[in-house]
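Letter by letter, the chains look like this.
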Amino acid sequence: METQRTLNALLTCLSEVVPEAEKGLKWGVPAFTYRRVLFTVGAFKNHINFYPTPATINTFNKELKPFSTTKSAIQLQLNQPLPFKLIREIARHRFKDVVENDAKWM
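So, here is what we can say about the structure in this document. Sequence order as written defines the numbering, with residues in each chain counted from 1. Reporting in this predicted model follows two pLDDT cut-offs: at least 70 for local features of residues, and 80 or more for side-chain atom pairs to be given and counted; totals over whole chains, interfaces and linings ignore these cut-offs and use all residues. The side-chain quantities take in all heavy atoms of the structure and omit both hydrogens and water.

**Considerations on the overall build of the chain**
Secondary structure counts use DSSP, requiring at least four H or I residues in a row for a helix and at least two E residues in a row for a strand, with both numbered from the N terminus. Across its full length, the chain carries 3 helices and 6 strands. Overall, the chain shows an N-to-C arrangement of helices and strands of α-β-β-β-β-α-β-β-α. C-alpha atoms define the radius of gyration in this analysis, and the globule rule sets the expected value at 2.2 Å times the number of residues to the power 0.38. Relative to the 2.2 N^0.38 estimate, which gives 13 Å for 106 residues, the radius of gyration of the chain is 13 Å and therefore close to what a compact globule would have. Over its C-alpha atoms, taken along the principal directions, the chain stretches across nearly 35 × 30 × 25 Å. Classification of residues uses two cut-offs on accessible area relative to the type maximum, computed with a 1.4 Å probe and protein chains only: under 20% is buried, over 50% is exposed, and between them is partly exposed. Considering the chain as a whole, with its 106 residues, one finds that 42% of them fall into the buried category. Note on definitions: a residue-residue contact is assigned when non-hydrogen atoms from the two residues lie within 4.5 Å. Restricting the contact set of the chain to residue pairs at least 6 apart, pairs at least 24 apart contribute 53%. Total accessible area on the chain stands at roughly 6,200 Å², and carbon and sulfur atoms take up 53% of it. Shrake-Rupley sampling with a 1.4 Å probe provides the accessible areas, and residues are treated as covered by the protein chains on show and by no other component.

**Some remarks on the environment of Lys-62**
Residue placement: Lys-62 occurs in the loop between α2 (54–59) and β5 (68–69). A relative accessible area of 71% means that Lys-62 is categorised as exposed.

Right, here's the structure in full:
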């Protein structure tokens, strides 16, 4: 229940940031696409993963210090509030990078 609520909140946030993105499934997970895949989201038992691409994660390394990250994912714990301000900044950055620089997925 908590996973679904958090996932829905994240998907709503991303939809508001990039309303022109097409929403669908890629690799079996929710994905936002505009010209190419912008980002995907995966739900797990204790966390949600937000996948905005390795290049985008690298851009926000400093801001992401408090979070568990991998090369391609930001892990958002279900027992902590979603960092909506940071999520919006990351999503806007990725969208702008695709529109202005034709940034690839990987």
